[in-house]
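Here is how the chains run, residue by residue.
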Amino acid sequence: MGDTTLEIATLKELHPDHFARANALRTLAIDAVQAANSGHPGMPMGMADVATVLFEKHLKFDASAPDWADRDRFILSAGHGSMLLYALLHLTGYEDMTLEQLKNFRQLGSITAGHPEFGHAKGIETTTGPLGQGLANAVGFAIAEESLRARFGKKVVDHFTYVIAGDGCLMEGISHEAIGLAGMQKLGRLIVLWDDNDISIDGKVSLCDITDQKKRFQASGWQVLECDGHDPEDIDRALIQARSSKKPSMIACTTHIGYGAPTKQDTAKAHGSPLGADEIDATRAAYGWTHGPFDIPAGIVSAWRATGARGSEERSAWEDRFATLSSSRQNEFTRVMSGEPHKRLASTIRAFKKQVTEDQPKVATRKASEMVLEVVNPVLPETLGGSADLTGSNNTLTPDLGIFDTTNRKGRYIHYGIREHGMAAAMNGMVLHGGIKPYGGTFLCFTDYARGAMRLSALMGVPTTYVMTHDSIGLGEDGPTHQPVEHLAMLRATPNIHVFRPADVVETAEAWELALSSESTPSVLALSRQGLPTVRKEHKTKNLSAFGAYILAEAEVTRRQAILIATGSEVEIALAARAILEGEGIGTRVVSMPCAELFAEQEEKYRRKVLPAGTVRVAVEAGVRQGWDRWLLDERGKPGKATFVGMDSFGASAPAGDLYAHFGITAENVAEAARGML
């Protein structure tokens, strides 16, 4: 590698101004990592030249208007090199990225976290660090740009998405899903800059991988280019060529990790730890950098600030073009970019609920979800649906959408293929880009495949919607490989996720309203394969699911002695158990709990009303008990007066009815569980 890249002396001689600006990035990264005694200096040192050329000559942005809708997006998928991004934001003049924040790198309360975190600072487009996620997010950013350009026109939406990715990003399995999807969709506004330095934490990449990454990208439909990652002219040439392609482009940037560090360049020692005082002094000497820690000469700062202001004229011209749109078009663009739900959403859901309350259909909640989407999608043009090759099973495609592909960028449905993880990460990217409300489907069991991206939805606070059908042993004959038993508990254990498990078509409609109105929490809709009766038989304009849990049926024959708490398909079972108990003179309340997280957010007064003291409690759900003890034993419950009817093992292959009987999730067993504690 080293034989084909510019050495420091040559770079300094041929491109002194560029070298000085790039060294500002390098030294800030070196100094911040050293001050924190923690971090990754090698990648910023190696990719500083690429980043300098990108920001100076190609990236469309205005540091004074970081939320400009038509800015180019820059994503640091190799998030361990976060100081490269922070240094770029500081030098180009992002107001919140002060020098003091760089000095407090990785410290409690600073915006300069160990890995870039969305929401901490302007200019951080997505949270990265789990390798490959940023690359897969970028596919969603590029899809959003294509979709919005088709809808609003090129004079309003016309930008690129740039990604810096490392060897680790390309080794992660999600990268294969992402590049396959991007290549098939011909996302020509997506450009990936691969930091090809041949080093990972353990040492040379050849210790663990022989993949020809360039051929892999080519095989997936990408334009593949190469450049010397330390030669600004060669970097510029490759970027110009990439920008002219109708395919997504990958530029293999040959670089030295730890560029300029005399004993640590091209070694794993430069990757994930401070260089140390002696190595830093020697590196400064190699650069000819005579300035102290965090000291950037005024002339270099001025040059970087000019780069940060370079896009102001383009932004002003964009604002002029935007002003030529009709007021309604301007308002609609502003609305969708802000994520504000359409004003007709609530009334559409209310009208739908009224109709189905009258009709009382018996349908699977996956079908109920489709029924809701059939009335919602025409009202919300920003929805963009999809499925990981389970469209007919997830019921996620409605007739009005059309397929998003190279022939129809106005289409609003994506065939993701069997790429659950790539789908989830791409949807995160769409939400982060703005203007799109994506939803995507697979089986609930396969949240295992999507888990990494789903966790980041929650961590970032982005309201991605996951349509997860076949939510229990109720899916039947496909057996335990496909039957989720632990997944509801796993999802509920994740902070900042709303897990909706609706009992019927009414609760499904309410769940969709809440998901599509969410500002900072992702939603999982866990939906049944089997048909379920309508249990909400009296129309309520209020969204009862917004309370998380509510009284569905009250004790009638005597004073209340038992409370049955259920979700989803087991609400029907709880109601049947109530009928048994009430027939025996045991007053029984049924509480439907479509979203435990929302119930936990309610005031204690409301929770006490729903779950008062002094009764026995039985929770029933076709999943594991983990997480249920809060509602059984806490919240005024008592040991010996509370129990759970559900799963404590994996499922089996059989018809759904046989499985419920086999595992004891029946009305008779629920009634007996309550009766036995009285």
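For clarity, every value in this text was computed on a predicted model and none was experimentally measured.

Asks: Before we go on, may I ask you to explain helix H4 (residues 82-92) in this structure?
Replies: Two residues of an α-helix separated by three or four positions point the same way, owing to the 3.6 residues in each turn. Buried residues dominate H4, accounting for 11 of its 11 residues. Residues of H4 that are buried include every one of Ser82, Met83, Leu84, Leu85, Tyr86, Ala87, Leu88, Leu89, His90, Leu91 and Thr92, and no others. For H4, the secondary structure elements touched by its buried residues are helix H2 (16-36), helix H3 (42-58), strand S1 (73-76), helix H5 (99-103), strand S2 (161-165) and helix H12 (298-309). Trailing H4 by a residue or two, Gly93 shows a phi angle of about 105°, which is positive.

Asks: Would you mind going over the pattern of salt bridges with me for this structure?
Replies: Between side chains of opposite charge, pairing is possible as soon as their charged atoms come close. Applying the stated criterion across every chain yields a total of 39 salt bridges. One salt bridge in this structure joins Arg560 and Glu554, with 3.8 Å as the shortest N-O distance. Judged by its relative accessible area of 27%, Arg560 falls in the partly exposed class. As a salt-bridge pair, Asp629 and Arg625 come within 2.7 Å of each other at their nearest N and O atoms. Owing to a relative accessible area of 32%, Asp629 belongs among the partly exposed residues under this scheme. Salt bridges sharing partners connect three or more residues here, namely Glu145, Glu146, Arg149, Asp158, Arg189 and Arg409.

Asks: Looking at this structure, I do not really get the pairing of S2. What am I missing?
Replies: Two faces belong to every sheet, and in a regular strand the side chains alternate between them. Taking burial as the measure, the five residues of S2 include five buried ones, the bulk of the element. Burial along S2 is two-sided: Thr161, Val163 and Ala165 and Tyr162 and Ile164, pointing in opposite directions, are all buried. Both S1 and S2 contribute to a ladder of four bridges, which runs parallel. Paired with Ile75 across the two strands is Val163, which belongs to S2. For S2 and strand S3 (residues 190-196), the ladder comprises five bridges, and the chain directions are parallel. Pairing of Ile164 across the sheet is with Leu193, part of S3.

Asks: It is not clear to me how the nonpolar core should be interpreted in this structure. Could you clarify?
Replies: General note: in soluble globular proteins, nonpolar side chains tend to be found buried as a group. Among the nonpolar cores identified, the biggest contains 69 residues, and Ile143, Leu190 and Met430 are the most heavily contacted of them. Among the elements that take part in this core, helix H6 (residues 133-152) stands out by supplying 10 residues, more than any other. When near neighbours in sequence (up to four residues on either side) are disregarded, Ile143 contacts Leu181, Leu187, Leu384, Phe404, Ile414 and Met430. Core analysis: the second largest hydrophobic core is formed by 67 residues, Leu25, Ala29, Cys253 and Trp289 among them.

Asks: Even after reading the chapter, I still don't get the packing of H6 against helix H18 (residues 420-433), so can you show me in this structure?
Replies: Packed helices, taken two at a time, are described by their axes: the angle between them and the distance between them. Taken N-terminus to C-terminus, the directions of H6 and H18 make an angle of 55°; their axes are 6 Å apart at the nearest point. Here H18 runs oblique to H6, going by the angle between their axes. The handedness of the crossing between H6 and H18 is right-handed. For the pair formed by H6 and H18, the contact residues are Gln133, Ala136, Asn137, Gly140, Phe141, Ile143, Ala144, Glu145 and Leu148 on the first element and His421, Ala425, Ala426, Asn428, Gly429, Met430, Leu432 and His433 on the second. Its residues assigned to classes, the contact of H6 with H18 comprises nine nonpolar, seven polar and one charged.

Asks: How should the sheet that holds strand S11 (residues 465-469) be read in this particular structure?
Replies: The strands making up a sheet are joined through hydrogen bonds of the backbone, oriented either antiparallel or parallel. With respect to topology, six strands assemble into an open sheet ordered S9-S8-S10-S11-S13-S12, the strand pairing being parallel. Looking along the sheet, the strands with just one partner apiece sit at the ends: strand S9 (413-415) and strand S12 (498-500). Taking each pair of neighbouring strands and ignoring which way they run, the sheet shows an average axis angle of 20°. Inspection of the sheet shows S11 paired to strand S13 (residues 523-527) by five bridges, in the parallel sense. In the sheet register, Thr465 faces S13, and the bridge partner there is Ser523.

Asks: I would appreciate a short explanation of the sheet that holds strand S18 (residues 642-645) in the present structure.
Replies: Taken in spatial order, the five strands of this open sheet run S14-S16-S15-S17-S18, and their pairing is mixed. With partners counted over all chains shown, the strands left at the sheet margins are strand S14 (550-553) and S18, one partner each. Put simply, the sheet's adjacent strands are angled 30° from each other on average, direction ignored. Bridge count between strand S17 (residues 616-620) and S18: four bridges; the pairing is parallel.

Asks: In this structure, what is going on with the environment of Leu552? I would like to understand it.
Replies: With respect to the helices and strands, Leu552 occurs in strand S14. When neighbours within four sequence positions are excluded, Leu552 is seen to be in contact with Val535, Arg536, Val571, Leu575, Val590, Val591 and Ser592.

Asks: Explanation requested: a positive patch on the surface in the structure shown.
Replies: A cluster of like positive charges, contributed by Lys155, Arg321, Arg329 and Lys410, occupies part of the molecular surface. Along the chain, Arg329 turns up in helix H14 (residues 327-338).

Asks: When you look at the environment of Thr643 in this model, what are you seeing that I'm missing?
Replies: With respect to the secondary-structure elements, Thr643 resides in strand S18. In the structure, Thr643 is positioned 18 residues away from Arg625 in sequence and 9.4 Å away in space, judged by C-alpha atoms. Non-local contacts of Thr643, meaning those with residues more than four positions away in its chain, are made with Arg617, Val618, Ala619, Arg625, Leu632, Ala673 and Met677.

Asks: Looking at this structure, how should I read the packing of H6 against helix H8 (residues 173-185)?
Replies: Here H6 crosses H8 at 20°, and the two axes come no closer than 8 Å. Regarding the angle of H6 to H8, the classification is roughly parallel. You can see that H6 and H8 cross each other, and the crossing is left-handed. Only Ile174, Ser175, Ala178, Ile179, Leu181 and Ala182 of H8 make contact with H6, whose side of the interface consists of Gln133, Leu135, Ala136, Val139 and Ile143. Looking at the contact of H6 with H8, its residues break down into nine nonpolar, two polar and no charged.

Asks: Looking at this structure, how should I read helix H27 (residues 667-675)?
Replies: Buried within H27 are the following residues: Ala667, Val670, Ala671, Ala673 and Ala674. The buried residues of H27 occupy an angular sector of 160° when the element is viewed end-on, so they sit on one face.

Asks: For this particular structure, what's the right way to read the packing of aromatic side chains?
Replies: The geometry of an aromatic ring pair is captured by the separation of the ring centres together with the interplanar angle, meaning the angle of the planes. For the structure on display, the rule yields 18 aromatic pairs. Between the aromatic rings of Tyr439 and Trp512, the centroid separation amounts to 5.4 Å while the plane-to-plane angle is 80°, which identifies the pairing as edge-to-face. Residue Tyr439 is found in strand S10 (residues 437-443), and its partner Trp512 is found in helix H21 (residues 505-517); the two are separated by 73 residues along the sequence. In this structure, Tyr439 and Trp512 share a single accessibility class: buried. Ring centres of Trp628 and Phe644 lie 6.3 Å apart, and the angle between their planes is 35°; this geometry places the pair in the tilted category. Of this pair, Trp628 sits in the loop between S17 and helix H25 (629-632) while Phe644 sits in strand S18; the two residues are 16 residues apart in sequence, bridging distant segments of the chain. The residues Trp628 and Phe644 share a single accessibility class, namely buried. In this structure an aromatic cluster arises from ring pairing among Phe55, Phe61, Phe74 and Tyr94. One cation-aromatic arrangement involves Arg189 over Phe160; the distance from NZ or CZ to the ring centre is 5.2 Å.

Definitions and cut-offs
Residues numbered from 1 in each chain as written. Predicted model: local features only at pLDDT ≥ 70, side-chain atom pairs only at ≥ 80, totals over all residues. Heavy atoms only, no water. Buried < 20%, exposed > 50% of the residue type's maximum accessible area, 1.4 Å probe, protein only. Helix = DSSP H or I, 4+ residues; strand = E, 2+ residues; numbered from the N terminus. Contact = heavy atoms within 4.5 Å. Salt bridge = Lys/Arg side-chain N within 4 Å of Asp/Glu carboxyl O. Pairing = 2+ DSSP bridges. Core = buried A, V, L, I, M, F, W, Y, C linked by side-chain atoms within 4.5 Å. Axes fitted to C-alpha atoms, helices over the stretch in contact; angles between N-to-C directions. Parallel < 35°, antiparallel > 145°, perpendicular 65-115°, else oblique. Left-handed = near helix turned anticlockwise from the far one by under 90°. Nonpolar A, V, L, I, M, F, W, Y, C, P; charged D, E, K, R; others polar. Patch = residues over 30% accessible without salt bridge, like charges linked within 9 Å, V, L, I, M, F, W, Y side chains within 5 Å. Areas by Shrake-Rupley, 256 points an atom, 1.4 Å probe, with all protein chains shown as cover. Lys, Arg positive; Asp, Glu negative; His and termini not counted. Charge placed at Lys NZ, Arg CZ, Asp CG, Glu CD. Arc of directions from axis to C-beta. Phe/Tyr/Trp six-rings, centres within 6.5 Å; stacked < 30°, edge-to-face > 60°. Lys NZ or Arg CZ within 6 Å of the ring centre and 35° of its normal.

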